[in-house]
Amino acid sequence: MRITVETSVAAPIDQVWRAYTTPADIVNWNTASDDWHTTRATVDLREGGAFSSRMEAKDGSMGFDFAGTYTKIVEHKRIEYAFGDRKAEVEFVPGPNGVVVRVVFDAETTHSVEQQQGGWQAILDNFARYVEAKKRMP
């Protein structure tokens, strides 16, 4: 089963792309809830390159690595990657009011579709808020 989440970001495509693919930015937005955070991220943004984000509960009770390999990169348009036996695609669609970021990913079997969709959507919503706030900074 495939799950789709998306958000609209009121910022230029170059800023949206950079925030999505830069480790220093990823650690600031890559969380589904306030009691979690990303402590480190690595990105080798090329086909065959690896990525990893370390996500941990702020109380230190648990954590996990979200990691995979990029399978296709089309700058400012599309990122495809594999993680474990699953795949995901990220589309960047510029429009008159900013950029729509759409993620389509393979569901896993541990959590319900609603939980997975909610978690990935929360991360994308954080991403949009982060980029828009960063855009306003001098």
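For the structure, check the block above.
Our subject in this report is the structure included herewith. Think of each chain on its own: its residues are numbered from 1, step by step along the sequence as written. The predicted origin of the model limits local features to residues at a pLDDT of at least 70 and limits the giving and counting of side-chain atom pairs to 80 or more, whereas totals for whole chains, interfaces and linings rest on all residues. The side-chain values count all of the structure's non-hydrogen atoms but skip hydrogen atoms and water molecules.

## Structural notes on the sheet that holds strand 4 (residues 63-74)
Pairs of strands are assigned from DSSP output, requiring at least two bridges between the strands. A run of H or I in DSSP becomes a helix once it reaches four residues, and a run of E becomes a strand once it reaches two; helices and strands are each numbered from the N terminus. One open sheet holds the 7 strands; their spatial order is 1-7-6-5-4-3-2, and the pairing between them is antiparallel. With one partner strand each, in any of the chains shown, strand 1 (2-9) and strand 2 (36-43) form the two edges of the open sheet. Going across the sheet, the axis of each strand differs from the next one's by a mean of 20°, ignoring polarity. Across 5 bridges, the pairing between strand 4 and strand 5 (residues 78-83) is antiparallel. The residue of strand 5 that forms the bridge with Tyr70 is Tyr81. Each of strand 1, strand 3 (50-57), strand 4, strand 5, strand 6 (86-95) and strand 7 (98-106) is contacted by helix 3 (residues 113-136), which is oriented at about 20° to strand 1, the strand it contacts most. Think of each axis as a best-fit line through the C-alpha atoms, taken over the contacting stretch in the case of a helix, with angles from 0 to 180 degrees between the N-to-C directions. Throughout, a residue-residue contact means that at least one pair of heavy atoms, one from each residue, lies within 4.5 Å.

## Description of the pairing of strand 3
Relative to strand 3, strand 2 runs antiparallel, the two sharing 7 bridges. Bridge pairing links His37 to Glu56 in strand 3. The antiparallel pairing of strand 2 with strand 3 creates a hairpin that spans 6 residues between the two strands, and Gly48 there sits at a positive phi of about 90°. Examined bridge by bridge, strand 3 and strand 4 share 7 bridges and lie antiparallel to one another. Along strand 4, the bridge assignment pairs Ser53 with Phe66. Hairpin connection of strand 3 to strand 4: 5 residues between the antiparallel strands, including Gly60 at a positive phi of 80°.

## Digging into the side chain of Ser53
Mapped onto the elements of the fold, Ser53 is located in strand 3. Aside from chain neighbours lying at most four places away, what touches Ser53 is Ile26, Asn30, Thr38, Arg40, Ala41, Phe64, Asp65 and Phe66.

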